[in-house]
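Given next are the chains, with one letter for each unit.
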Amino acid sequence: MCVLLALVPFVASAQPGYVPSPQNMQSRQEFDQARFGIFIHWGIYSMLGDGEWVMHNKKINYKEYEKLAGGFYPVNFNAHEWVKAIKLSGAKYICITSRHHDGFSIFHTKASPYNSVDATPFKRDILAEIADECHKQGVRLHLYYSHIDWGREDYYPVGRTGRGTGRTGYFNGQKLPQIDSAVFQTNWAYENYLKFMDTQLTELLTNYGPIGAIWFDGLWDRDRQENGLKAETWNLAAQYSLIHKLQPSCLVGNNHHMDPFPGEDIQIFERDIPGQNLYGYSEQAISTVLPLETCQTMNRSWGYRITDTTYKSVDFLIKYLVQTAAKGANLLLNIGPRPDGTLPDESLVRLKAIGEWMDIYGETIYGTTAGLVPEQPWGVSTRKGHRNFLHVFKDTTEIFVPLEDTGIVECRSFPDGSPLKYRKVEGGITVQLGEKNASSPADMRVVELDYAPVDMVALENFVEQMCRNYPQATLQDIYKSNFQDYFGPSHIMASREQVIGYLNREVKKMILERAPAMVVYPAEAGAAGADTVQTCVAEKSYYDPCGWRHNYYQVSLDVIADGIMSVEEFADAFIAGGGQEPDVTQEWLDEWNVIKRVVKKKAPGIKGFSRDASRISSLIKEGKYVVHHSDTYNQAYKPHYRIIRRDIFEAVVLPAIKKYSGR
């Protein structure tokens, strides 16, 4: 893990045109359903009992540090017991450090003798034993891999860490080139290091069975160097492509604290739940496309630190897991094993307690998405289809829930199912809480709110028919042409200023691209100007009924460009059919981030979501609706918004489309 100042977000193109394989998309979905994994930081640094950064922190000469391997003999290491204890915690995957910044590998690599087989008296491939147990016990295996190496001369130029480890500036007897702006492209030593990493990655993805993810760390090391954070500098395009080629289902994550690079399949947050930035590592935007993961320590350290006994309580860790799931993210909870190969007793106690809680409440965590209810003074919520789970941390007899009661069919205590009374109040409902369940940790209860489920048979029959009738249709075509009319309300809301700005931008795009641009034009039948507009677009073959309401039409922006209507007139007409403008609230901002993430994750074919959450959020009238935005439709459809009931959209529509269309 890293210790650094917050970085300025930087986006570069690492794998242009990257399209995840079907295996990769399936793996993303399974990862996103797991919600809980265990991180393991273990290597020869455990022998010094001062964390995984001890080589850097103590400025230990790398030649002296390497001698630690000669005394590494974890006599009590038992991969079966490790995996068993972790599985019983309810964790669905393990991520272990295959090679950390000190350069020591816990697997038998031919790329360097500095590994657990060739350099230690232990003479065992630690990773192979863990991999075998993971495969036997049904726990996914992820591999941490460091982009940094504090002991290799060919890791050059050196970053801002590991500068006191005694590297000489010579590699294979040759003086390394002087650092300049082109050093990354002309540096023969660094090219050797990149090949070394590719060799090790090939070994990891060839010799240890299915790997769920490669978890990179260290790109931030060159944040003070020109071009140091570019994808090209780190050869990410080739590196990510290599991984996806060797194992198409293997996910790529990179703990670089920036917006995701193309080719990455998960987004990582270090020590922060998405949306927080308590540690200064999380200024990056929350991805609306990728599954999310937060990594956190049980105590304060990643690697074993003999003086660190400040373990977080069981209650804290369970609540942290719930809070992470409530943001639609996984929790990767860390353990630093002792040098003798045992897991600390404090870690085992917490694994057991979390497992006991997950045995009862795991249904409210596994396979859930962020809840309809944003974080409240009483707690947080998760959701699974039409079931909403309210995790109440506060010791209280009543909670206010900012949800309308429309469609609620049951309100009950989880897991015993005892009914709870609720009543409608202004802005939502209040729920009367029953007695605490003895099995629940202090100050936590779970309430389940169920809405009426969707008629799956009717919906799936409809989807199947559409996919058969239109085999070439895209996800956008199927959804926008049909589902809105059958399964959702139809109204648009936007401020006049926003609409005018939007229209001006689209007209400029149309002129620059020399292409027709289509928008929805609401006009009452027979209204002044309506016939003129319809005639104009009919002559240009742009007229086409939208199908939402009889007073909505798709109209070419040429009516503005040609001076037939002003932008202001068009905007007023646009707003006239759309209802009143709502106030933007934090709740809607949070919900929109969830909507974008879920939709993009489940149906990557739907493109064009705006990154401006504040602007789009003004289009949400109620939290139970999704605003669908698309920028391509029949090659002539410019950005446009539609609204559908959120529970139907997330739980039913997209999964059904994917099931029957193979997309």
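Relevant structure appears above.
These numbers come from a predicted model, not from an experiment. All residue numbers refer to positions counted from 1 along the written sequence of the respective chain. Whole-chain, interface and lining totals are the exception, using all residues; otherwise, since this is a predicted model, local features are given only for residues with pLDDT of at least 70 and side-chain atom pairs are given and counted only at 80 or more. Derived side-chain values reflect all non-hydrogen atoms in the structure, with water molecules and hydrogen atoms excluded from consideration.

*Asks:* Explain the overall build of the protein chain to me, please; I cannot follow it from the model alone.
*Replies:* Of the regular secondary structure elements, the protein chain holds 19 helices and 23 strands. Buried residues are those whose accessible area, probed at 1.4 Å on protein chains only, stays under 20% of the maximum for their type, while exposed residues exceed 50% and partly exposed ones sit between those limits. For the protein chain, the residues scored as buried account for 58% of the 663 residues in total. Any two residues whose heavy atoms approach within 4.5 Å are treated as being in contact. Nonlocal contacts in the protein chain, meaning residues at least 24 apart in sequence, comprise 72% of its contacts between residues at least 6 apart. Shrake-Rupley sampling with a 1.4 Å probe provides the accessible areas, and residues are treated as covered by the protein chains on show and by no other component. About 26,600 Å² of surface is accessible on the protein chain, with carbon and sulfur atoms providing 51% of the total. Runs of E in the DSSP output that reach at least two residues are strands. Runs of H or I that reach at least four are helices, and both are numbered from the N terminus.

*Asks:* Looking at this model, I keep getting lost on the side chain of Asp-259. Mind explaining?
*Replies:* With respect to the helices and strands, the residue Asp-259 is situated in the loop between β7 (251–255) and β8 (267–270). Between N or O atoms, a polar contact is any pair within 3.5 Å; within protein, one atom must be a potential hydrogen donor and the other a potential acceptor, and residues adjacent in sequence are included only when both atoms are from side chains. A polar contact of 2.9 Å, which involves the side chain of Asp-259, links it to the backbone nitrogen of Ala-285.

*Asks:* How do you make sense of unusual backbone geometry when you look at a structure like this?
*Replies:* Excluding glycine, residues mostly have negative phi values, and the peptide bonds linking residues are mostly trans. Cis geometry is found at the peptide bond from Tyr-156 to Pro-157, where omega equals 0 degrees. Structurally, Pro-157 is set in the loop between β3 (140–146) and β4 (170–171). A cis amide bond, omega 10 degrees, links Phe-414 with the succeeding residue Pro-415. Turning to its location among the elements, Pro-415 is positioned in the loop between β15 (408–414) and β16 (422–425). Phi is positive for Lys-59, close to 55 degrees, though the residue is something other than glycine. Within the secondary structure, Lys-59 sits in the loop between α2 (54–57) and α3 (62–65). Judged by relative accessible area, which is 59%, Lys-59 ranks as exposed.

*Asks:* Would you take a moment to explain the sheet that holds strand β6 (residues 213–217) for this structure?
*Replies:* Sheets are built from strands that pair by backbone hydrogen bonding, the pairs being arranged parallel or antiparallel. Within the open sheet, the eight strands sit side by side as β7-β6-β3-β2-β1-β10-β9-β8. Their pairing is parallel. In this open sheet, the two edge strands, each paired with only one partner strand, are β7 and β8. Between one strand axis and the next, the sheet turns through 25 degrees on average, direction left out of account. In terms of strand pairing, strand β1 (residues 36–40) meets strand β2 (residues 93–99) through four bridges, oriented parallel. Within the sheet, the bridge partner assigned to Ile-40 lies in β2 and is Ile-96. The strands touched by helix α8 (residues 236–246) are β6 and β7; relative to β7, the strand with the most contacts, the crossing angle is about 145 degrees. Following DSSP output, two strands are said to pair if at least two bridges run between them. Here the axes come from fitting lines to C-alpha atoms, over the contacting stretch only for helices, and the angles between their N-to-C directions go from 0 to 180 degrees.

*Asks:* What's the story with the packing of aromatic side chains in this structure? I'm lost.
*Replies:* The way to describe two aromatic rings as a pair is by their centre distance and the angle between their planes. When two rings of Phe, Tyr or Trp (its six-membered ring) have centres within 6.5 Å they constitute a pair, described as stacked for plane angles under 30 degrees, edge-to-face for angles over 60, and tilted for the intermediate range. As enumerated under the stated definition, the model contains 27 aromatic pairs in all. Ring-pair connections join several aromatic residues into one group, and the members of that group are Trp-42, Phe-72, Phe-77, Trp-82, Phe-104 and Tyr-114. We note Lys-92 situated over the ring of Tyr-366; from NZ or CZ to the ring centre the distance is 4.6 Å. Note that Arg-222 overlies the ring of Trp-234, its terminal NZ or CZ placed 5.1 Å from the centroid. Put simply, a charge is over a ring when the Lys NZ or the Arg CZ is close to the ring centre, within 6 Å, and near the line of the ring normal, within 35 degrees.

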